[in-house]
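# Structural features, examined
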Amino acid sequence: MLAKLTDEDIDYALFGISVPVNQESIRNHLYIVDKHDTLTRYTPNRMQRDLATKLTGRDLVLKYRQGGASTFFVIENFVKAITGRARIAIMAHDSPTTQKLRRMAEILWRNLPQGLQPPRGLDNAETTTYKNTGSEITIATAGSKNIGVGGTYGGGVHGSEVS
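Report follows, based on the coordinates.

About the thresholds
- Residues numbered from 1 in each chain as written.
- Predicted model: local features only at pLDDT ≥ 70, side-chain atom pairs only at ≥ 80, totals over all residues.
- Heavy atoms only, no water.
- Helix = DSSP H or I, 4+ residues; strand = E, 2+ residues; numbered from the N terminus.
- Buried < 20%, exposed > 50% of the residue type's maximum accessible area, 1.4 Å probe, protein only.
- Contact = heavy atoms within 4.5 Å.
- Axes fitted to C-alpha atoms, helices over the stretch in contact; angles between N-to-C directions.
- Parallel < 35°, antiparallel > 145°, perpendicular 65-115°, else oblique.
- Left-handed = near helix turned anticlockwise from the far one by under 90°.
- Salt bridge = Lys/Arg side-chain N within 4 Å of Asp/Glu carboxyl O.

### Description of the overall build of the protein chain
- Scanning the protein chain for helices and strands turns up five helices and seven strands.
- Reading the helices (α) and strands (β) of the protein chain from amino to carboxyl end gives α-α-β-β-α-α-β-α-β-β-β-β.
- The burial tally for the protein chain puts 39% of its 163 residues in the buried class.
- Considering only residue pairs separated by 6 or more positions, the protein chain has 62% of its internal contacts joining residues 24 or more positions apart.

### A word on the packing of helix 4 (residues 69–83) against helix 5 (residues 95–110)
- Contact geometry for helix 4 and helix 5: axes closest at 10 Å, N-to-C directions at 50°. The orientation of helix 4 relative to helix 5 falls into the category oblique. Every pair of crossing elements has a handedness; the one defined by helix 4 and helix 5 is right-handed. Contacts between helix 4 and helix 5 involve Ser70, Thr71, Val74, Ile75 and Phe78 from the first element and Leu101, Met104, Ala105, Leu108 and Trp109 from the second.

### Brief notes about the pattern of salt bridges
- All chains considered together, the criterion is met by six salt bridges.
- Residue arginine 87 pairs with glutamate 136 through a salt bridge whose shortest N-O separation is 3.4 Å. On the criterion of sequence distance, the pair formed by arginine 87 in strand 3 (residues 87–92) and glutamate 136 in strand 6 (residues 135–141) is long-range, its members being 49 residues apart.
- Under the relative-accessibility criterion, arginine 87 is labelled partly exposed at 33%.

So, to be careful, I would describe these as geometric facts and stop short of saying anything about function.
As C-alpha cells, this is what we get:
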C-alpha cells in the first residue's frame, strides 16, 4: 500500500528540509533588547497586537516613530522563516537602521533555546538562510547595489521608514 506524501515529506527526503516547530512554541521564546538596553522577553504592545490582527498581507502602515512596527515586522518575518519556507526582504532607509534591524534578528536567533534554534546556512551582512526550512531573509539598505535584483520575495517585504 502506498502512502500519500506531503510537501514537507518530499522536502525532507530530497533536501533534508523540515519544519521542526510551530509558530506558537517559538513565540514563547522570543527576546529583544528594549529601550532601556535590557534583554527582555518580547511582549507585543498595543500597536503590535493591532497589526497582528488587522494586517491583510498587502498593507501600507503609517506609524508613529518608536512605536514598535519595525520590531513587529522583524519578529513576524523571523518566525515565518524559521517555521516554514519563506523568502523575505526587509529594507531600511540607511545603513545604521539596517544594522539595527540585523542585530534585532541576530538577538532573536541567539536567544532561542538550543533545541529551538534552527541551524543557519548562509549568514552574512545582508542575508541569512535557515537550513531546516529553506528560508531566506535579506536585511539591507534600500538603494544598495544589487539588493533585491532578481529576487522573488513571496514571504514578505518590509520597508522601514518608507525605503
